[in-house]
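Observations on chain architecture
Spelled out from the first residue to the last, the chains are:
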Amino acid sequence: MPDSANLKTRLCFWQNQDFNAANCPVRDVLDQISGKWTTLLMIVLADAPHRFSDLQRAVPDISKRMLTQTLRDLERDGLITRHVFPTKPPSVEYRLAPLGQSMLAPLAALIGWAEASHARIQDARARFDGVGAT
(Lines give C-alpha, C1' and ligand atoms only; values in the text may rest on other atoms or scores of the structure.)
Protein backbone atom coordinates (compact mmCIF):
# COMPACT_ATOMS: atom_id res chain seq x y z
CA MET A 1 0.00 0.00 0.00
CA PRO A 2 1.39 3.43 -0.89
CA ASP A 3 2.48 5.68 1.92
CA SER A 4 -0.42 8.15 1.97
CA ALA A 5 1.28 10.27 4.66
CA ASN A 6 4.26 10.73 2.35
CA LEU A 7 1.95 11.74 -0.49
CA LYS A 8 0.18 14.26 1.77
CA THR A 9 3.54 15.69 2.85
CA ARG A 10 4.48 16.19 -0.78
CA LEU A 11 1.15 17.86 -1.52
CA CYS A 12 1.61 20.23 1.42
CA PHE A 13 5.07 21.13 0.14
CA TRP A 14 3.69 21.92 -3.33
CA GLN A 15 0.86 23.94 -1.78
CA ASN A 16 3.45 26.01 0.06
CA GLN A 17 5.00 26.72 -3.33
CA ASP A 18 1.65 28.27 -4.35
CA PHE A 19 1.21 25.42 -6.84
CA ASN A 20 3.58 27.21 -9.16
CA ALA A 21 3.88 24.83 -12.11
CA ALA A 22 7.64 25.31 -12.19
CA ASN A 23 7.90 24.00 -8.60
CA CYS A 24 5.23 21.33 -8.79
CA PRO A 25 6.38 18.11 -10.46
CA VAL A 26 2.82 16.82 -10.72
CA ARG A 27 1.78 19.75 -12.87
CA ASP A 28 5.08 20.34 -14.64
CA VAL A 29 6.31 16.82 -15.41
CA LEU A 30 3.39 14.43 -15.10
CA ASP A 31 1.15 16.66 -17.21
CA GLN A 32 3.46 16.11 -20.17
CA ILE A 33 4.09 12.43 -19.50
CA SER A 34 0.37 11.74 -19.23
CA GLY A 35 -0.31 13.16 -22.68
CA LYS A 36 -2.52 11.10 -24.96
CA TRP A 37 0.33 10.02 -27.26
CA THR A 38 3.39 10.19 -25.01
CA THR A 39 3.09 6.76 -23.42
CA LEU A 40 2.47 5.00 -26.73
CA LEU A 41 5.47 6.69 -28.36
CA MET A 42 7.69 5.89 -25.38
CA ILE A 43 6.67 2.23 -25.65
CA VAL A 44 7.52 2.17 -29.36
CA LEU A 45 10.89 3.84 -28.76
CA ALA A 46 11.74 1.57 -25.82
CA ASP A 47 13.17 -1.20 -28.00
CA ALA A 48 14.96 0.69 -30.74
CA PRO A 49 15.31 4.03 -32.53
CA HIS A 50 12.63 4.80 -35.12
CA ARG A 51 12.10 7.17 -37.97
CA PHE A 52 9.07 9.47 -38.11
CA SER A 53 7.22 7.24 -40.57
CA ASP A 54 7.87 4.17 -38.41
CA LEU A 55 6.35 5.96 -35.43
CA GLN A 56 3.32 6.99 -37.44
CA ARG A 57 2.76 3.39 -38.57
CA ALA A 58 3.17 2.14 -34.99
CA VAL A 59 0.52 4.59 -33.73
CA PRO A 60 -1.71 4.89 -36.80
CA ASP A 61 -4.41 7.11 -35.31
CA ILE A 62 -1.99 9.95 -34.48
CA SER A 63 -1.95 12.84 -36.95
CA LYS A 64 1.32 14.07 -38.42
CA ARG A 65 0.84 17.35 -36.60
CA MET A 66 0.31 15.68 -33.21
CA LEU A 67 3.20 13.29 -33.79
CA THR A 68 5.49 16.21 -34.61
CA GLN A 69 4.32 18.19 -31.57
CA THR A 70 4.61 15.25 -29.18
CA LEU A 71 8.10 14.39 -30.43
CA ARG A 72 9.16 18.03 -29.98
CA ASP A 73 7.75 18.08 -26.45
CA LEU A 74 9.52 14.83 -25.56
CA GLU A 75 12.78 16.15 -27.01
CA ARG A 76 12.37 19.45 -25.13
CA ASP A 77 11.89 17.52 -21.87
CA GLY A 78 15.04 15.47 -22.53
CA LEU A 79 13.16 12.17 -22.82
CA ILE A 80 14.09 11.50 -26.45
CA THR A 81 16.81 12.59 -28.83
CA ARG A 82 16.55 13.47 -32.50
CA HIS A 83 19.33 12.39 -34.84
CA VAL A 84 19.66 13.77 -38.37
CA PHE A 85 21.69 11.74 -40.85
CA PRO A 86 23.40 13.51 -43.77
CA THR A 87 21.67 11.58 -46.53
CA LYS A 88 19.79 12.95 -49.53
CA PRO A 89 17.13 13.67 -48.44
CA PRO A 90 18.20 13.88 -44.78
CA SER A 91 16.79 11.13 -42.61
CA VAL A 92 15.79 11.66 -39.00
CA GLU A 93 15.68 9.09 -36.24
CA TYR A 94 14.26 9.36 -32.73
CA ARG A 95 15.51 7.39 -29.73
CA LEU A 96 15.07 7.38 -26.00
CA ALA A 97 17.53 9.54 -24.09
CA PRO A 98 18.90 8.25 -20.77
CA LEU A 99 16.18 10.23 -18.95
CA GLY A 100 13.55 8.52 -21.12
CA GLN A 101 15.10 5.13 -20.39
CA SER A 102 14.80 5.89 -16.67
CA MET A 103 11.07 6.41 -17.14
CA LEU A 104 10.45 2.91 -18.53
CA ALA A 105 10.25 1.06 -15.18
CA PRO A 106 7.66 3.38 -13.61
CA LEU A 107 5.83 3.51 -16.93
CA ALA A 108 5.72 -0.29 -17.09
CA ALA A 109 4.22 -0.38 -13.59
CA LEU A 110 1.56 2.17 -14.54
CA ILE A 111 0.77 0.28 -17.77
CA GLY A 112 0.45 -2.97 -15.81
CA TRP A 113 -1.95 -1.28 -13.41
CA ALA A 114 -3.96 0.15 -16.33
CA GLU A 115 -4.24 -3.26 -17.97
CA ALA A 116 -5.24 -4.95 -14.71
CA SER A 117 -7.78 -2.22 -13.87
CA HIS A 118 -9.21 -1.45 -17.31
CA ALA A 119 -12.27 -3.72 -17.10
CA ARG A 120 -13.16 -2.47 -13.59
CA ILE A 121 -12.80 1.14 -14.71
CA GLN A 122 -15.02 0.52 -17.74
CA ASP A 123 -17.61 -1.12 -15.48
CA ALA A 124 -17.49 1.81 -13.05
CA ARG A 125 -17.95 4.28 -15.91
CA ALA A 126 -20.92 2.33 -17.25
CA ARG A 127 -22.53 2.26 -13.78
CA PHE A 128 -21.90 5.99 -13.30
CA ASP A 129 -23.26 6.83 -16.74
CA GLY A 130 -26.30 4.60 -16.25
CA VAL A 131 -25.42 2.45 -19.25
CA GLY A 132 -27.38 -0.75 -19.21
CA ALA A 133 -29.59 0.47 -16.34
CA THR A 134 -33.26 -0.24 -16.71
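Residues numbered from 1 in each chain as written. Predicted model: local features only at pLDDT ≥ 70, side-chain atom pairs only at ≥ 80, totals over all residues. Heavy atoms only, no water.

A look at the UniProt feature "domain: HTH hxlR-type" (unreviewed entry) in the protein
With numbering matched to this structure, UniProt assigns "domain: HTH hxlR-type" (unreviewed entry) to residues 24-122. Along residues 24-122 the backbone is 65% helical and 14% strand, and the end-to-end C-alpha distance reaches 30 Å. (UniProt positions renumbered as here; feature names shortened; annotations may be inferred. Helix = DSSP H or I, 4+ residues; strand = E, 2+ residues; numbered from the N terminus.)

Quick look at the packing of helix 3 (residues 38-47) against helix 6 (residues 98-129)
Where helix 3 meets helix 6, the axes come as close as 11 Å, and the angle between the chain directions of the two elements is 120 degrees. Crossing of helix 3 against helix 6: the hand is left-handed. In this structure, helix 3 contributes Thr-39, Met-42, Ile-43 and Ala-46 to the contact, and helix 6 contributes Gly-100, Gln-101, Met-103, Leu-104, Leu-107 and Ile-111. (Axes fitted to C-alpha atoms, helices over the stretch in contact; angles between N-to-C directions. Left-handed = near helix turned anticlockwise from the far one by under 90°. Contact = heavy atoms within 4.5 Å.)

Here's the deal with unusual backbone geometry
The peptide bond linking Lys-88 to Pro-89 adopts the cis configuration, its omega dihedral lying at -10 degrees. Positionally, Pro-89 belongs in the loop between strand 2 (80-85) and strand 3 (91-96).

Overview of the packing of helix 3 against helix 5 (residues 64-76)
The axes of two packed helices give the description: the angle between them and the distance between them. At a minimum axis separation of 11 Å, helix 3 and helix 5 run at an interaxial angle of 75 degrees. Of the possible angle classes, the one that applies to helix 3 and helix 5 is roughly perpendicular. Between helix 3, through Thr-38, Leu-41 and Met-42, and helix 5, the contact on the second element is made entirely by Leu-67, Thr-70, Leu-71 and Leu-74. Of the residues in the contact of helix 3 with helix 5, the class split is five nonpolar, two polar and no charged. (Parallel < 35°, antiparallel > 145°, perpendicular 65-115°, else oblique. Nonpolar A, V, L, I, M, F, W, Y, C, P; charged D, E, K, R; others polar.)

A look at the nonpolar core
Formed by 19 residues in total, the largest nonpolar core has its most connected members in Leu-41, Met-42, Leu-55, Leu-71, Ile-80 and Tyr-94. Of all elements in the fold, only helix 3, helix 5, strand 3 and helix 6 reach the threshold of two or more residues within this core. Considering each element in turn, this core owes the most residues, four residues, to helix 3. When residues no more than four places from it in sequence are discounted, the contact partners of Met-42 are Leu-74, Leu-79, Ile-80, Leu-96, Gly-100, Met-103, Leu-104 and Leu-107. (Core = buried A, V, L, I, M, F, W, Y, C linked by side-chain atoms within 4.5 Å. Buried < 20%, exposed > 50% of the residue type's maximum accessible area, 1.4 Å probe, protein only.)

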